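Overview (structure and organization)
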Amino acid sequence: MPHIITRIERAAREDVEALSRFGSATIHEAQGRLGALSSRIKPIDRSMSLCGPAFTVESAPRDNIMLQLAIHYAQAGDIIVVSAGEYEEAGSFGDVLGNACVAKGIAGVVTDTGVRDTADLIKLGLPVFSLSVCIRGTVKETLGQVNGNIIVGGQEIRPGDVIRGDADGLVTVRKEDAAEVARKSAAREEAESGYIEAYKSGRTIIDVCNLEAVLKAKGLTTDL
């Protein structure tokens with residue numbers, strides 16, 4: 001039966017803030033190359049960036065009644081994440097609903113269907129990641145679920161899990177792992193900064209990345 005759950009356990013605010021300092025690729029690598037959503041879901045503008053707890057909604061294809069209910073119930077700082085069957089030929093979200101999100105303080109929208117009014121959404125400044133851009137209208141007919149576990153972009157997303165998105169893509173982090181993943185992301189960034197400084201000082205990639213033994217084991221000599 002369709003249901004709406006409005007009281008959910010969200011990732012701690014300080015953990016969301018910590019994760020927001022790192023790019024999606026860094027987080028993906030830091031948590032063991034897990035959590036990457038399909039690269040088909042892209043920001044409507046490359047400058048868009050989002051990070052927050054997921055407020056999940058399951059919607060029928062080409063139908064946005066449940067998305068509207070999700071906007072009604074979501075809290076400031078939430079990322080609305082929509083599972084709509086990976087249906088590209090529908091514009092289920094546009095500038096009117098975008099303004100409703102901004103008025104509530106919703107931090108972004110991720111959907112596996114289409115959106116429209118993208119020029120206005122970009123001006124509005126609401127981060128929107130979608131499977132497509134499509135002008136086809138939607139209906140308001142079929143009830144679904146708000147705040148159940150959903151699959152979007154090939155990843156299971158639970159209510160309250162962290163969603164981080166930027167120009168490179170989207171990644172999800174389980175809420176109970178958020179603090180640890182933030183720590184691992186910081187360590188990874190520190191290590192990468194060290195590599196960059198080593199390159200600037202004149203060291204080679206083979207030296208910095210300890211590739212000589214690996215390459216020799218594969219039959220490749222590094223001698224010039």
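Rules used throughout
Position numbers for residues count from 1 along each chain, tracking the sequence in the order it is written. Side-chain atom pairs in this predicted model are given and counted only at pLDDT of 80 or more, local residue features only at pLDDT of at least 70, and totals for whole chains, interfaces and linings cover all residues. Processing note: side-chain calculations cover all non-hydrogen atoms of the structure and skip hydrogens and water entirely. In these notes, a set of buried Ala, Val, Leu, Ile, Met, Phe, Trp, Tyr and Cys residues joined through side-chain atoms within 4.5 Å is what counts as a nonpolar core. Note on exposure labels: buried denotes an accessible area under 20% of the residue type's maximum, exposed denotes more than 50%, and partly exposed covers the range between, all computed with a 1.4 Å probe on protein chains only. Comment: elements are numbered from the N terminus, with helices defined as DSSP H or I runs of at least four residues and strands as E runs of at least two. Here a residue-residue contact requires only that any non-hydrogen atoms of the pair lie within 4.5 Å. Cysteine sulfur pairs qualify as disulfides if the two atoms are within 2.5 Å. N or O atoms within 3.5 Å of each other form a polar contact, as long as, within protein, one can give a hydrogen and the other can take it, and as long as residues adjacent in sequence are counted only when both atoms are side-chain atoms.

**Re the nonpolar core**
Ranked by internal contacts, the top residues of the largest apolar core, which has 23 residues, are V57, L67, I71, I80, F93, C101 and V128. Going through the elements one at a time, β3 (50-58), α3 (65-73), β4 (79-83), α4 (95-104) and β5 (108-115) are the ones with two or more residues in this core. At four residues, α3 tops the list of elements feeding residues into this core. When residues no more than four places from it in sequence are discounted, the contact partners of I80 are F55, V57, L67, A70, I71, A74, C101, I106, G108, V109 and V110. In this structure, I79, V110, F129 and L131 belong to the second largest nonpolar core, which totals 14 residues.

**Quick notes on the state of the cysteines**
Using the criterion set out here, one finds zero disulfides in the structure. C101 provides the cysteine sulfur closest to C134, a residue in no disulfide bond, and the two sulfurs are 19 Å apart. Since its relative accessible area comes to 8%, C134 is described here as buried.

**Structural notes on the side chain of T111**
Tracing the backbone shows T111 in strand β5. Here T113 takes part through its backbone nitrogen, which lies 3.2 Å from a polar atom of the side chain of T111. Discounting residues that sit within four places of it in the chain, T111 has contacts with I41, V82, F129, S130 and L131.

Function cannot be read off these values alone, since they describe shape.
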